[in-house]
Amino acid sequence: MRKVFVVVSFLMITVGSLWSQVRYGVNAGEGVQIDYSNPKVFEVADIKFTGLNVLDERALISFAGIKVGDRIGIPGRQVSEAIKKLWNQGIIADVQFWLTKTEGDRAFIEVKITERPRILNYSVEGVGSGQISELKDQLGVVGKVASAPLIKNSELVIRKYFIEKGFLNVTVQTEQNSDSLLSDGVNLKFIVDRKAKVKINKIDFKGNDSFDNSRLKKAMRNTKEKPRFWLVNRLFEQVFNTRPNTIGAYLDSTYEVSNKDFKEFINDNVKLNFLKGSKFIEAKYREDKNALVAFYNSKGYRDAEIVSDEVTKVSEDFIDLNIEVDEGTQYYIRNIDWVGNFKYTDEYLTEKLGINKGDIYNKQKIDQRTQFDNESGDDIMSLYQDDGYLFFQLDVVEVRAENDSIDLEMRMYEGEQATIKRIILKGNDRTSDHVVLREIRTLPGQKYSRRDLIRTIRELGQLGYFDPEQINPQPIPNIQDGTVDIIFNLVEKSSDQIQLSGGFGGPFGFVGTVGLSLNNFSIRNIGNWDKWRPYPSGDGQKLSVQVQSNGRRFRNLSFVFSEPWLGGRKPNNFTVSVNRTVNRSIDFFNNNEVLGFLKATGFSIGLGRRLTWPDDYFQIQNSIRYQFYEVSNFGNTLGFSSGRSNSLTFNTTISRSNIDQPTYPSYGSQFTLAINATPPWSVISPDNYGPEISESERYKKVEYHKWMLDYSMFIPLNDKFVINARAHLGFIGTYSKRTDSGPFERFLLGGNGLNGANNFIIGQDIIALRGYEDNVIDPVDPETGFRGGIIYNKFTAELRYPVSKQPTSTIYLLAFGEAGNTWIDFSEYSPRNLFRSAGVGARVFLPAFGLLGIDWAYGFDQDDSLTPAVVGGSQVHFTIGQQIR
């Protein structure tokens, strides 16, 4: 046995020596002899690298560590080390040292290199297109050398990507294919087999004496076990007194199900598992372990910890989690002492803190009540910083812990009140400084206020000129003089919109629309070419022009200009608008002869301002509008076929809005009460009104008063989901019994709510109601024949989920349910008699085109009494712009 060992050892040494010579030795050129038994020292007279395509010769000489003038032994250690260094770079497939010529003790060396091929392209198979896009951002291998470490690292990147998504058993293989055109290039193909997601079969806890498993599982919000079918069967048994025939029924006989199990299923599976899923994601699991400890801490167990946790493989697709906890002692607060407070008394601070002696010790609640973690701003830190105490500091110290009691000492440093010294704006290259500064509520000379700083962020976001997600004010305190500089870092975004569209407008045929909205316009910069970007901009004025036409039959022109700070000193919003609409009835078979027409020309001017009562979120807008109608042989659209009508209305709108941003609000509410009223002509001149007066005379001066109430509320469910609840009510009335409500401003419901290519209805309020055809809910007054109701009601609830909140493209999905109706008489009004619908949709906000939307809805109700009949059913709707109702 010993002889065999010696022989094997000798062979291994011999083979290793020979391989070493071939691998790290020197090759002799023609006419050159190398004595391997008697190495000789040479001076390097010349060294050159051959076979290079991409690599740089100077870099390779530096890597090798041998240069002209060096004295090296051939063969020798320096040559072997040079070959090793080049090989270790991972960019060379083969390297050979050749001694091509000698002159005395001078050596001429050629290093023959075979480069590794470079990656020309790569593909990923076995995954979706969206995942490929995300992986390409992480890989980035094109142009790099196709070395083994690079390929291995790329495979690890792909595996990590899918492991983070719950595919723990994912495998990745790589194929290399030579390029048909370039000999030194290869194409890589990453073949991914994701396999099934690994899910959690069961989560088991040990050491939890104070809380049962279901309560601890609830604390782990993103780590859930699979639902239990045997408990589902038990649910059916208890509700329906019958055993279901489900795929889990065979498991039922193996368990004794108690009421506690049943409640645990409801809390743990129905409410959470079906929504969250049971896939195992390690990063989420780590977060949930911390959340589990935080839960114990919030219940007074400040020393709680996870002693151990084990992941047990049940099968290829399922694992079990076994978590052992050490709860420790539950602590209570015994004393709270305040130190260093001069501004407020101990009693006031304790009341503000909202934590009393004898309460369970909750570190999370203490942090929320003392620091900025409390979103309402009702905490100790905000109390001081809202009053200028920028340098305020508060440390919560546990001075004593005995048995189950803890004494807290609130050590604070109030400091001096800080005064704002400078406001520094950065990033507003297009928007003038004064437009930004007039929205800022923290001005130089004022006391610092965190509340005002937060309000300023909201106001700047509402402008629409800056990305609200990146408005980042930075207070820079100057402790020496008790002042603070505030730097506002702003990122501008495009707020202008272009509308180019076309569609078929029912009897009007194809209608084209061209519109332009400039939301950061500047009249005073018209003569300043330096401010043309590409139009005179920067003063926050709004200019909108829109043209719709299909030729002679229909034309509509509207112009709106708005100055939000008339005079530049106060937020007085001045608005002026002009509109002109022409509808013609044309006989196309008789030289396009005009048979009749309806023309409407309008002008309005308004002035609004911000209010300080009840709070400074309120605004009031007053305006006056004149509309002139001229009708000639155009049916009964205005209550008469030929004649003229004048509408002079006064409008007052009271509104309140405290939403965080206009594009995708996540919290806050909006309230609007709008009152439109004409003069009481029937009271002023009663002889001109009454049933005995012809329609053309009776409606020569339009008379009505109209009330519109809108409310919208946004409630965040978590970091993503937002609920939007809306309610709308409107009605039209008259001043005397000698006149009716007339044909003007009546309510039509149904469809997308757009008063555009499909209707072109003048003087009527179009209310959206998805799930029904456009304007299909339009009851007819049996006495006058006018279409549309004089009172309407609508309710909407939407669940929104943001896909992208980037300023260049805000995208969100929504699911909704809504109901609404309109009536021709107040006696018929009933908020329970509504047309209902539900559906899903998506919204995309593009700065150049505004908000675009598509909805699919199903209407649940029908009404054969209307003409045409309301049938509901499946409907697809397209929307443009941010709709109020």
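Residues numbered from 1 in each chain as written. Predicted model: local features only at pLDDT ≥ 70, side-chain atom pairs only at ≥ 80, totals over all residues. Heavy atoms only, no water.

Re the environment of Asn-718
Then, number 1: Along the polypeptide, Asn-718 turns up in the loop between strand 27 (705-716) and strand 28 (722-733).
Then, number 2: Given the relative accessible area of 39%, Asn-718 is considered partly exposed.
Then, number 3: A sequence separation of 52 residues divides Asn-718 from Ser-666, and the C-alpha atoms of the two residues are 9.8 Å apart.
Then, number 4: Engagement of the side chain of Asn-718 in a polar contact is seen with the backbone nitrogen of Lys-720, the distance being 2.8 Å.
Then, number 5: Within polar-contact distance, the side chain of Asn-718 engages the backbone nitrogen of Phe-721 at 2.8 Å. (Helix = DSSP H or I, 4+ residues; strand = E, 2+ residues; numbered from the N terminus. Buried < 20%, exposed > 50% of the residue type's maximum accessible area, 1.4 Å probe, protein only. Polar contact = N/O pair within 3.5 Å; in protein donor to acceptor, adjacent residues only side chain to side chain.)

A word on helix 5 (residues 148-163)
The α-helix advances 3.6 residues per turn, and as a result positions three or four apart in sequence lie on the same side.
Then, number 1: Between the first and last C-alpha of helix 5 there are 22 Å, a value that for 16 residues agrees with the 22 Å anticipated at 1.5 Å per step.
Then, number 2: All of the buried residues in helix 5 are Leu-150, Ile-151, Ser-154, Glu-155, Val-157, Ile-158, Tyr-161 and Phe-162. Burial along helix 5 is one-sided: seen end-on, the buried residues are contained in an arc of 155 degrees. Turned more than 90 degrees away from the buried face of helix 5 sit Ala-148, Pro-149 and Lys-160, all of them exposed.
Then, number 3: For helix 5, the elements touching its buried residues are strand 6 (118-125), helix 4 (129-139), strand 7 (171-178) and strand 8 (185-193). (Expected span 1.5 Å × (residues − 1). Arc of directions from axis to C-beta. Contact = heavy atoms within 4.5 Å.)

A look at the side chain of Asp-467
Then, number 1: Summarising the element assignment, Asp-467 is placed in the loop between helix 14 (450-463) and strand 16 (472-478).
Then, number 2: Despite being buried, Asp-467 has no salt bridge partner; Lys-493 is the closest side chain of opposite charge, sitting 5.8 Å away.
Then, number 3: Within polar-contact distance, the side chain of Asp-467 engages the side chain of Gln-470 at 2.7 Å.
Then, number 4: Beyond its immediate chain neighbours, meaning those up to four positions away, Asp-467 contacts Val-491, Lys-493 and Pro-807. (Lys, Arg positive; Asp, Glu negative; His and termini not counted. Salt bridge = Lys/Arg side-chain N within 4 Å of Asp/Glu carboxyl O.)

Quick notes on the nonpolar core
Then, number 1: Phe-49, Leu-86, Ile-92, Phe-97, Ile-109 and Val-111 are the most contacted members of the largest nonpolar core, which has 26 residues in total.
Then, number 2: Contributing elements (two or more residues each) for this core: strand 2 (40-50), helix 2 (57-64), strand 3 (71-74), helix 3 (77-88), strand 4 (92-103) and strand 5 (106-115).
Then, number 3: Setting aside its immediate chain neighbours within four residues, Ile-109 contacts Val-44, Asp-46, Ile-47, Lys-48, Ile-72, Ile-74, Phe-97, Trp-98, Leu-99 and Thr-100. (Core = buried A, V, L, I, M, F, W, Y, C linked by side-chain atoms within 4.5 Å.)

Concerning the sheet that holds strand 10 (residues 305-313)
Then, number 1: The strand order across the open sheet formed by three strands is 9-11-10, and the pairing between neighbours is mixed. Every other strand in the sheet has two partners, leaving strand 9 (199-206) and strand 10 as the edge strands with one partner each. If you compare each strand with its neighbour and ignore which way they point, the axes differ by 20 degrees on average.
Then, number 2: Both strand 10 and strand 11 (residues 318-326) contribute to a ladder of eight bridges, which runs antiparallel. Residue pairing in the sheet places Glu-305 in a bridge with Asp-326 of strand 11. (Pairing = 2+ DSSP bridges. Axes fitted to C-alpha atoms, helices over the stretch in contact; angles between N-to-C directions.)

Focus on unusual backbone geometry
Then, number 1: Geometrically, the link from Ile-74 to Pro-75 is a cis peptide bond, its omega value of -10 degrees lying close to zero.
Then, number 2: Residue position: Pro-75 is located in the loop between strand 3 and helix 3.
Then, number 3: Between Trp-613 and Pro-614 the backbone carries a cis peptide bond, its omega angle lying at 5 degrees.
Then, number 4: The residue Pro-614 is located in the loop between strand 23 (593-610) and strand 24 (618-632) in this model.
Then, number 5: In this structure, Lys-195 is a non-glycine residue whose phi angle is positive, near 60 degrees.
Then, number 6: Structurally, the position occupied by Lys-195 is in the loop between strand 8 and strand 9.
Then, number 7: One non-glycine residue, Asn-403, adopts positive backbone phi at about 55 degrees.
Then, number 8: Counting through the fold element by element, Asn-403 comes out in the loop between strand 13 (393-402) and strand 14 (405-413).
Then, number 9: Its relative accessible area of 74% is what places Asn-403 among the exposed residues.

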